[in-house]
Amino acid sequence: MRVLVTGGAGFIGSNFVHLTLATRPEVEITVLDAMTYAGSRASLAGVEDRAEIVRGDITDADLVDRLVSQCDLVVHFAAESHNDNSLSEPWPFVHTNVVGTYTLLEAVRRHGRRLHHISTDEVYGDLELDDPARFTEATPYNPSSPYSSTKGASDLLVRAWVRSFRVDATISNCSNNYGPRQHVEKFIPRQITNVLDGVRPKLYGDGLNVRDWIHVDDHNRAVWTIIDKGEIGETYLIGADGEVDNRTVVHDILELMGQGADDYDHVTDRAGHDRRYAIDSSRLRTELGWSPEYPSFREGLAATIAWYRQHEDWWRPMKDATERKYALTQSVLSR
Ligand code: NAD
Ligand code: TDX
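Report on the accompanying structure. Each chain has its residues counted from 1, running along the sequence as written. Each chain is given a letter, starting from A, and each ligand a number, starting from 1, according to the order in which they appear as written. Given that this is a predicted model, residues contribute local features only at a pLDDT of at least 70 and side-chain atom pairs are listed and counted only at 80 or more, while totals for whole chains, interfaces and linings are drawn from all residues. Side-chain numbers here rest on the full set of heavy atoms in the structure, without hydrogens or water.

1. Digging into the pattern of salt bridges
Consideration 1: Criterion for a salt bridge: a side-chain nitrogen of Lys or Arg within 4 Å of a carboxyl oxygen of Asp or Glu. The final tally for this structure, using the stated rule, is 22 salt bridges.
Consideration 2: With a shortest N-O distance of 2.8 Å, Arg200 and Asp265 are connected by a salt bridge. With Arg200 in the loop between α6 (187-196) and β8 (202-204) and Asp265 in strand β13 (residues 265-267), this pair connects stretches of sequence that are 65 residues apart.
Consideration 3: Here the salt bridges do not stand alone but share partners, grouping Arg134, Asp241 and Arg285 into one network. Comment: elements are numbered from the N terminus, with helices defined as DSSP H or I runs of at least four residues and strands as E runs of at least two.

Here is the structure:
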């Protein structure tokens, strides 16, 4: 079985490649990745002899057509993925997330291939802190940011191609991932690497926003469960009951790294900052029998801190440029 993994040099995609090669000897992989600032060849170190790595864009229709024709299954991770970037420069999000997904859909339609589309819980908008509700597969779409609106658009394209052209596709919407090989622009690795650099963590606004954390390996095991057992045309929500507010995450990082619990700074809030995400993953658990394997968020966080301590060679090249970008954003926001 040959699997085409788009975005396979990014955070979740590269972990998917490593997990798949370690657990599925029958699978051969082709990675298609544009190697944007978020893609890293170093994330695929050690897999080169078992995976073909193609540098290319998912909006390149000829390239996509050829690679799709040569595979049995497409797992589509490639995206512009960072909310803050989508606020400063939305166009790459429309291009990659919407036009790129359209380009893949047309190729899988032509060649009759199976597609699994990776999406996010952010398409459902946000919840109040005291709302007992969680997102389910029936929650109406209500995205807030340019990022989440383009992910919502890509999901709707997939649904339309299933209904109109009988494309064999499934969709998953997952909550916030953490783990190794996540770009240092994202919340958890940004704060871990700040502490390693002797810099205080930066908390947006009041820090009470809640995210529903899941370890990236649990996400990717769920993706394989859906590929193996999911019903074509259906959507499955992935989450591990990991709701934690941002201030607690920063406290945990500081404590696990031997710092004072209050050694952090509040900075200007993100525009339109979603308050809370929470996933009800009952459908995936009861219908397909998936459950998360990571025992707790704190244990996963400790393992993630250890990974960043041991892999400075991986994150150092991207740290300065990321912090320069944040300094610029903060100076614009505080004007
Ligand atoms: P990432 O930014 O780490 O990786 C994205 C990858 O896509 C990079 O390797 C990049 O080079 C590649 N890419 C970008 N534009 C491309 C293009 N035009 N053509 C080919 N490749 C391109 O993102 P991630 O956090 O690994 O997210 C992967 C997927 O999972 C995304 O679809 C995202 O929406 C979704 N998701 C992420 C999370 C999360 O917490 N990170 C949660 C739920 C869903
Ligand atoms: O320095 C920071 N300080 C801070 O308080 C950063 C970078 C973030 N935050 C806050 C904003 C959010 O409330 O932390 C929370 C998490 O922020 P991000 O890591 O940027 O993630 P989020 O915006 O929640 O989106 C993530 O989860 C859903 C991924 O980036 C998306 O790709 C995914 O779809």
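2. What to know about the nonpolar core
Across soluble globular proteins, nonpolar side chains have a tendency to be buried as a group.
Consideration 1: Nonpolar core, defined: a set of buried Ala, Val, Leu, Ile, Met, Phe, Trp, Tyr and Cys residues in which side-chain atoms within 4.5 Å join the residues together. Classification of residues uses two cut-offs on accessible area relative to the type maximum, computed with a 1.4 Å probe and protein chains only: under 20% is buried, over 50% is exposed, and between them is partly exposed. Residues Val17, Ile29, Val75, Ile238 and Leu284 are the most contacted members of the largest nonpolar core, which totals 32 residues.
Consideration 2: Here the element with the most residues in this core is helix α7 (residues 216-229); it accounts for six residues.
Consideration 3: Should any heavy atoms of two residues lie within 4.5 Å, those residues are considered in contact. Among all residues touching Ile29, those that are not within four sequence positions of it are Arg2, Val3, Val5, Val17, Thr20, Leu21, Arg50, Ala51 and Glu52.

3. Some points on the site of ligand 2
Consideration 1: By convention in this text, a residue qualifies as near a molecule or strand provided that one of its non-hydrogen atoms is within 4 Å of it. Close to ligand 2 lie 22 residues; Glu122, Tyr147, Arg190, Arg270 and His273 are nearest.
Consideration 2: In the analysis that follows, any N or O atom pair within 3.5 Å is treated as a polar contact, provided that within protein one partner can donate a hydrogen and the other can accept it, and provided that, for residues neighboring in sequence, both atoms belong to side chains. Within the side chain of Asn176, an N or O atom sits 2.9 Å from an oxygen atom of ligand 2.
Consideration 3: Reported accessibility uses the Shrake-Rupley method at a 1.4 Å probe radius. Residues are deemed covered only where the shown protein chains occlude them. Considered on its own, ligand 2 offers 650 Å² of accessible surface; in the complex 94% of this is hidden by protein.
Consideration 4: Only Asp, Glu, Lys and Arg are considered charged in this grouping, and only Ala, Val, Leu, Ile, Met, Phe, Trp, Tyr, Cys and Pro are considered nonpolar; every other residue, Gly among them, is considered polar. Here the residues of the shell around ligand 2 are counted per class, giving six nonpolar, nine polar and seven charged.

4. Here we look at the side chain of Arg181
Consideration 1: Its place among the elements puts Arg181 in the loop between β7 (177-178) and α6.
Consideration 2: Residues scored as charged are limited to Lys and Arg (positive) and Asp and Glu (negative), so that His and the chain ends carry no count. There is no salt bridge for the buried Arg181, and the closest opposite charge comes from Asp217, which lies 6.5 Å off by N-O distance.
Consideration 3: Within the local environment of Arg181, its side chain forms a polar contact with the side chain of Asn15, the two groups lying 2.7 Å apart.
Consideration 4: The residues touching Arg181, leaving out its near neighbours within four places in the chain, are Phe11, Ser14, Asn15, His18, Ser43, Trp307, Tyr308 and Trp314.

5. Some details on the site of ligand 1
Consideration 1: Residues in contact with ligand 1 amount to 28 residues; listed here are only the nearest, Ile12, Asp33, Ser81, Tyr147 and Lys151.
Consideration 2: Residue Asp57 places a side-chain N or O atom 3.0 Å away from a nitrogen atom belonging to ligand 1.
Consideration 3: Only α1 (11-23), β5 (114-120) and α5 (146-165) provide two or more residues apiece to the shell around ligand 1.
Consideration 4: Grouping the constituent residues of the shell around ligand 1 by class yields 13 nonpolar, twelve polar and three charged.

Limitation: the analysis is restricted to geometry and does not speak to function.
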